[in-house]
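Take a look at the letters that make up each chain.
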Amino acid sequence: MALKKIVILFSGRGSNMQSIIEKLHGKSVEVAAAITNNPNAKGIEIARGLGVHVDILPHTEYASREEFDAALVAKIREYSPEITVLAGFMRILSTVFTDSIKAINIHPSLLPLFKGKDGIQESFISGMDKGGVTVHFVTSEMDGGEIVLQESVPILSGDTLESFAQRVHATEHELYPKAILKVLAI
């Protein structure tokens, strides 16, 4: 039976991408490619070192967000993935992307709480006894798509933002592969 194909989008160090590749590539799914908008992303060498092809598509070479998104959609379609996985892809995507590509994203809070780039910090200072991780479908509303999986992470007495963040990231690395398998019905 042929493996189901995914494409991973990333912008930085690629720790979620690395976890996905190590846990799933060649076993449950084929990571057909990883695509980054950042030519200096540390994740490029990680993906290549794990045997995954990387395409570098610098967003700075495009006149508008929509022009970049159109080029990104075209590049993704070359691989015919069943799902596109955003793993630390630090771009707000336009409807050119969201209306064309079935994608999921991971967010470091219990959505719908604390949308946007500071989810861990906002969870930590909220006064709540927990934060968490959410995998959701990508829509035109930032961090607003249907939830695939969600897991809470307790905020412990004595936690620092750094210690809490480390547990959130460890939870991401476990939850995201499970969410991909769920979406692909594997």
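Up top you'll find the structure we're talking about.
As the structure is a computational prediction, the values presented were derived from the model and not from experiment.

Following Leu111, the chain continues into Pro112 via a peptide bond in cis, with omega recorded as 15 degrees. Of note, Pro112 is situated in the loop between β5 (103-107) and α5 (119-125). For Ser80, which is not glycine, the phi dihedral falls at a positive 50 degrees. Here Ser80 shows up in the loop between α3 (65-77) and β4 (83-86). Not every positive phi belongs to a glycine, and Asp143 is a case in point at roughly 55 degrees. Inspection of the secondary structure assignment puts Asp143 in the loop between β6 (130-137) and β7 (147-154). Of the residues examined, Asp143 reaches a relative accessible area of 9% and is grouped as buried.

This part is about the pattern of salt bridges. Per the counting criterion, the structure on display carries six salt bridges. In this structure, the salt-bridge partner of Lys23 is Glu174, at a minimum N-O distance of 3.4 Å. One end of the pair, Lys23, is in helix α1 (residues 15-24); the other, Glu174, is in helix α6 (residues 161-183), with 151 residues separating them in the sequence. Of the residues examined, Lys23 reaches a relative accessible area of 35% and is grouped as partly exposed.

Taken in spatial order, the seven strands line up as β3-β2-β1-β4-β5-β6-β7 in an open sheet, and their pairing is mixed. Where the open sheet ends on each side, the last strands, each with one partner, are β3 (54-56) and β7. Taking each pair of neighbouring strands and ignoring which way they run, the sheet shows an average axis angle of 20 degrees. Here β6 pairs with β7 via seven bridges, running antiparallel. By the bridge assignment, Gly131 is partnered in β7 with Val153. Against the sheet, α6 makes contact with β1 (4-10), β4, β5, β6 and β7, and its axis sits at roughly 155 degrees relative to β7, the strand it touches most.

Conventions adopted
Residues numbered from 1 in each chain as written. Predicted model: local features only at pLDDT ≥ 70, side-chain atom pairs only at ≥ 80, totals over all residues. Heavy atoms only, no water. Helix = DSSP H or I, 4+ residues; strand = E, 2+ residues; numbered from the N terminus. Buried < 20%, exposed > 50% of the residue type's maximum accessible area, 1.4 Å probe, protein only. Salt bridge = Lys/Arg side-chain N within 4 Å of Asp/Glu carboxyl O. Pairing = 2+ DSSP bridges. Axes fitted to C-alpha atoms, helices over the stretch in contact; angles between N-to-C directions. Contact = heavy atoms within 4.5 Å.

Remember that the coordinates give geometry; whether it matters functionally is a separate question.
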